[in-house]
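Residue strings, one per chain:
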Amino acid sequence: MSSGGNVVVLDRGNNTTLTVHIHGATIVSWRVNNQEQLFVSKQAVFDCKKPIRGGIPVVFREISLAQFGHWNVGPQHGFARISRWNVEKPPTRLETGDVEVIFSLVDNEATRSVWNHGFKLTYRLLLREKELHLNVGVINTGANDFLFHVLLHTYLKVPDVSKCLIMGLHGCMYVDKARDGAVYQETREAVNIEEFTDRIYQNTPDEHIMNNVVGGRKMRIHKYNFPDTVIWNPWVERAREIADFGDDEYPNMVCVEAGRVSTPVHLPPGALFEASEVLQVM
């Protein structure tokens with residue numbers, strides 16, 4: 001295990017590692033048996049200013065009370081993914097052999113310039129042999145209520161996105177941002193991607209199973225207190241419009257994101273919000 005500079009590396013042994021960039025506390029690599037599970041674009045920028053395109057960025061989208069539920073303030077997807085996080089607890093091997101690290105972000109001059117609230121974000125990561133546990137905590141340290149959305153913007157690596165099947169969305173309502181925000185109900189037992197996809201599935205089950213991920217394996221996604229699941233792939237035309245995304249990379253990735261998106265979290269002073277996700281290679 002190591003921490004220093006801009007990256008923190010956790011080593012579980014047996015070629016299972018996790019690499020986290022301090023910029024945004026963005027996970028940029030998760031290798032299980034030396035197989036990379038996450039997608040990071042070859043065009044990704046690591047200048048500690050722009051968001052990193054890929055991996056698992058933390059989206060903390062702050063909301064103005066005066067604009068309840070409609071607009072966010074500050075940078076797109078919030079300031080958390082473009083802020084330098086603190087290593088609150090360096091990589092530590094537990095008695096189980098698993099490795100834990102904790103990052104944190106507190107309000108500062110830069111955050112208060114766009115969102116004048118006191119807060120503390122904590123991000124606890126636990127690397128197990130075939131599992132990655134992610135726990136997000138939000139504490140209101142200020143004197144006033146605030147609202148926010150939170151999302152783990154997970155970019156998964158896949159050999160062919162059109163053959164990747166996502167279970168656990170049947171019957172769920174979703175907002176289709178690719179079709180002007182129209183609302184539909186998912187009728188498919190297994191969801192696959194064959195076009196530009198940007199959907200917010202609401203009140204989804206706590207578990208999704210994905211087929212045909214890295215090595216033809218399955219991945220289980222289990223979430224707690226994240227009622228929404230976002231599915232995103234830019235497909236051909238949108239990929240060409242994204243400067244830090246290769247034109248030909250879209251077939252090898254899909255974002256399956258656990259979050260609180262449809263309804264903001266309303267957090268009074270002194271209150272704590274927690275949510276978590278477990279990614280398991282099967």
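A quick note: this is a predicted structure, and the numbers were derived from the prediction, not measured. Every chain's residues receive numbers from 1 upward, in the order its sequence appears when written. The model is predicted, so local features are restricted to residues of pLDDT at least 70 and side-chain atom pairs to those at 80 or more, both for listing and for counting; the totals for chains, interfaces and linings are taken over all residues. In computing side-chain values, all of the structure's heavy atoms are included and hydrogens and water are not.

Draft legend 1. Spatial organisation of the overall build of the protein. Secondary structure follows DSSP: runs of H or I at least 4 residues long count as helices, runs of E at least 2 residues long count as strands, and numbering of each begins at the N terminus. Scanning the protein from N- to C-terminus turns up 2 helices and 22 strands. Both definitions apply: the radius of gyration is a C-alpha atom measure, and the globule rule equals 2.2 Å times residues to the power 0.38. Radius of gyration (C-alpha) of the protein: 18 Å, near the 19 Å computed for a compact globule of 282 residues. Taken along the three principal axes of its C-alpha coordinates, the protein extends 50 × 45 × 35 Å. Only protein chains enter the calculation, and the probe is 1.4 Å; a residue is then buried if its accessible area is under 20% of its type maximum, exposed if over 50%, and partly exposed in between. A burial count over the protein gives 51% of its 282 residues as buried. Partitioning the contacts of the protein with sequence separation of at least 6, the portion at a separation of at least 24 is 64%. Total accessible area on the protein is roughly 12300 Å²; 47% of this is exposed by carbon and sulfur atoms. The sign given to each residue is positive for Lys and Arg and negative for Asp and Glu; His and the chain ends receive no count. For charged residues, the charge sits on one atom: NZ in Lys, CZ in Arg, CG in Asp, CD in Glu. In the protein, which carries 29 positive and 33 negative side-chain charges, the distance between the mean positions of the two groups comes to 3 Å. In this analysis, two residues are considered to be in contact whenever any of their non-hydrogen atoms come within 4.5 Å of each other. All accessible-area figures derive from a Shrake-Rupley calculation using a 1.4 Å probe, and residue coverage is judged against the displayed protein chains alone.

Draft legend 2. Structural view of the UniProt feature "binding site: substrate" (unreviewed entry) in the protein. UniProt positions are given in the numbering used here, feature names are shortened, and annotations may be inferred rather than shown by experiment. Taking the numbering used here, the UniProt-annotated feature "binding site: substrate" (unreviewed entry) corresponds to R53, Q76 and R81. Following the sequence through the fold, R81 ends up in the loop between β6 (58-63) and β7 (86-93). On the accessibility criterion, R81 (11% relative accessible area) is buried.

Draft legend 3. Looking closely at the UniProt feature "active site" (unreviewed entry) in the protein. Mapped onto this numbering, the UniProt entry annotates "active site" (unreviewed entry) at H153 and E257. Despite a sequence span of 105 residues, these residues sit close together in the fold, their greatest C-alpha distance being 5.0 Å. In this fold, H153 is placed in the loop between β11 (146-152) and β12 (155-157). Contact partners of H153, with chain neighbours within four places excluded, come to G55, I56, P57, V59, H77, C255 and E257.

Draft legend 4. Layout of the environment of V99. Among the structural elements, V99 can be located in strand β8 (residues 99-106). Sequence separation of V99 and L125 is 26 residues, and the distance between their C-alpha atoms is 8.3 Å.

Draft legend 5. Representation of the nonpolar core in the model. Definition used in this section: a nonpolar core is a set of buried Ala, Val, Leu, Ile, Met, Phe, Trp, Tyr and Cys residues joined via side-chain atoms within 4.5 Å. Judged by nonpolar contacts, the single largest core of 61 residues is most densely connected at I27, W30, F103 and Y123. The residues touching Y123, leaving out its near neighbours within four places in the chain, are A25, I27, I56, V58, W85, V101, I102, F103, L134, N135, V136 and L152. Grouped together as the second largest cluster of nonpolar side chains are 10 residues, F39, A239, M253 and C255 included.

Draft legend 6. Representation of the packing of aromatic side chains. Any two of the Phe, Tyr and Trp rings considered here, Trp counted by its six-membered ring, make a pair once their centres fall within 6.5 Å; the pair's planes then place it as stacked at under 30 degrees, edge-to-face at over 60, or tilted in between. Summed over the entire model, instances satisfying the criterion amount to 17 aromatic pairs. Residues Y174 and Y201 carry aromatic rings whose centres are separated by 4.8 Å and whose planes lie at 40° to one another, so their mutual orientation is tilted. Of this pair, Y174 sits in strand β14 (residues 173-176) while Y201 sits in strand β17 (residues 197-201), placing them 27 residues apart in sequence. Like Y174, the residue Y201 is buried in the burial classification.

Draft legend 7. Quick look at the sheet that holds strand β18 (residues 207-211). In short, DSSP must find at least two bridges between two strands for them to pair. Judged by pairing direction, the sheet is antiparallel, and its 9 strands sit side by side in the order β7-β8-β9-β10-β22-β19-β18-β13-β16 without closing on themselves. Strands with a single pairing partner mark the edges of an open sheet, and in this sheet they are β7 and β16 (190-191). Examined bridge by bridge, β8 and strand β9 (residues 119-127) share 8 bridges and lie antiparallel to one another. What sits directly across from V101, in β9, is L125.

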